[in-house]
Amino acid sequence: MEYKQIQELIKTINKSNIGELSIEEKDFKITIKQKKENIQTFVNAQPVAPNFLPQAQQTPLPQPSAPAAAQEKKPAAADTSNLVAIKSPMIGTFYRRSSPDKPLLAEVGQEVKTGQAVCIIEAMKLFNEIESEVSGTIVKVLVDDASPVEFDQPLFLVEPN
């Protein structure tokens, strides 16, 4: 079994509800198990400011005037429900170029096709080309060059064609 086939198999299993898969061929055996995580998320509804000053020395913060508050408002975020994330298939270091003297593999606004290399992830001294799983336009790069990435971490947002 080739490395690319193993990568595709791992991606498929991660997207499914399969807990474990074993494959045996002549002199080759592979077992893939999904990691089960019990993640608990705690959300604090109101931020709590630390109380460093004695009660008598605390002064209320001035409220911004109406024109200043209007200037601080950000424009409404664009609808991101149709965007597809290209995710990291492994843990490693993210690179946007195949080598330091080469151009970027993918930039914001660039059209990409399914199977086109969009970045490199170095894992254990191996440089792996990560290919787009969707055809479309790159809207956002979510990771800085030469940054560590985790398995299944979104790398790019793509607006499909």
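Placed above this text is the structure.
Residue positions are given per chain, counting from 1 as you read along its sequence in written order. The predicted origin of the model limits local features to residues at a pLDDT of at least 70 and limits the giving and counting of side-chain atom pairs to 80 or more, whereas totals for whole chains, interfaces and linings rest on all residues. For the side-chain quantities, the full set of heavy atoms in the structure was used; hydrogens and water were omitted.

Chemist: Which parts of the structure should I look at to understand the packing of aromatic side chains?
Modeler: Two measures describe an aromatic ring pair: the distance that separates the ring centres and the angle between the ring planes. Here a pair means two rings of Phe, Tyr or Trp (six-membered ring of Trp) with centres within 6.5 Å. Their orientation is stacked below 30 degrees between planes, edge-to-face above 60, and tilted elsewhere. Taken as a whole and assessed by the stated rule, the structure comprises two aromatic pairs. Look at Phe94 and Phe156: their rings are 5.9 Å apart centre to centre, the planes differ by 55°, and that puts the pair in the tilted class. A residue pair is termed long-range when its members are at least 10 positions apart, and Phe94 in strand β4 (residues 92-95) and Phe156 in strand β10 (residues 154-160) qualify at 62 residues. Pair check on accessibility: Phe94 and Phe156 agree, each one buried. For the pair Tyr95 and Phe127, a centre-to-centre distance of 6.4 Å together with 40° between the ring planes defines the contact as tilted. Linking Tyr95 in strand β4 with Phe127 in strand β7 (residues 126-131), this pair joins segments that are 32 residues apart in sequence. With a 1.4 Å probe rolled over the protein chains alone, any residue whose accessible area is under 20% of its type maximum counts as buried; one over 50% counts as exposed, and the rest are partly exposed. Of the residues examined, Tyr95 reaches a relative accessible area of 25% and is grouped as partly exposed. Numbering of helices and strands runs from the N terminus, with a helix taken as a DSSP run of H or I at least four residues long and a strand as a DSSP run of E at least two residues long.

Chemist: For this particular structure, what's the right way to read the pairing of β4?
Modeler: The two faces of the sheet receive side chains in turn, since in a regular strand these alternate between them. Two elements, β4 and strand β9 (residues 147-149), share three bridges in a ladder whose sense is antiparallel. Bridge pairing in β9 links Phe94 to Ser147. When DSSP finds at least two bridges between two strands, those strands are taken to pair. As paired strands, β4 and strand β6 (residues 117-123) are joined by three bridges and run antiparallel to one another. Each bridged residue has a counterpart across the sheet, and for Phe94 the counterpart in β6 is Ile121.

Chemist: Would you mind showing me how to read the sheet that holds strand β3 (residues 84-87) here?
Modeler: What links the strands of a sheet is backbone hydrogen bonding, and the strands pair in either a parallel or an antiparallel sense. Ordered in space as β3-β10-β8-β5, the four strands form an open sheet in which the pairing is antiparallel. On the outer flanks of this sheet lie β3 and β5 (111-112), each paired with one strand and no other. Where strand β8 (residues 136-141) meets β10, five bridges bridge the pair, whose relative direction is antiparallel. Counted as the bridge partner of Val141 is Phe156 from β10.

Chemist: Explain the nonpolar core to me, please; I cannot follow it from the model alone.
Modeler: The nonpolar side chains of a soluble globular protein tend to be buried, and buried together. Definition used in this section: a nonpolar core is a set of buried Ala, Val, Leu, Ile, Met, Phe, Trp, Tyr and Cys residues joined via side-chain atoms within 4.5 Å. If you look at the biggest cluster of nonpolar residues, it comprises 18 residues, and the most contacted ones within it are Phe94, Val118, Cys119, Leu155 and Phe156. At the level of secondary structure, the elements contributing two or more residues to this core comprise β6, β8 and β10. For this core, the leading source of residues is β6, giving four residues. Every residue pair with non-hydrogen atoms within 4.5 Å of one another is taken to be in contact. When near neighbours in sequence (up to four residues on either side) are disregarded, Cys119 contacts Phe94, Tyr95, Leu105, Asn128, Glu129, Ile130, Leu155 and Phe156. With six residues, the next largest nonpolar core counts Ile6, Leu9, Ile13 and Ile32 among its residues.

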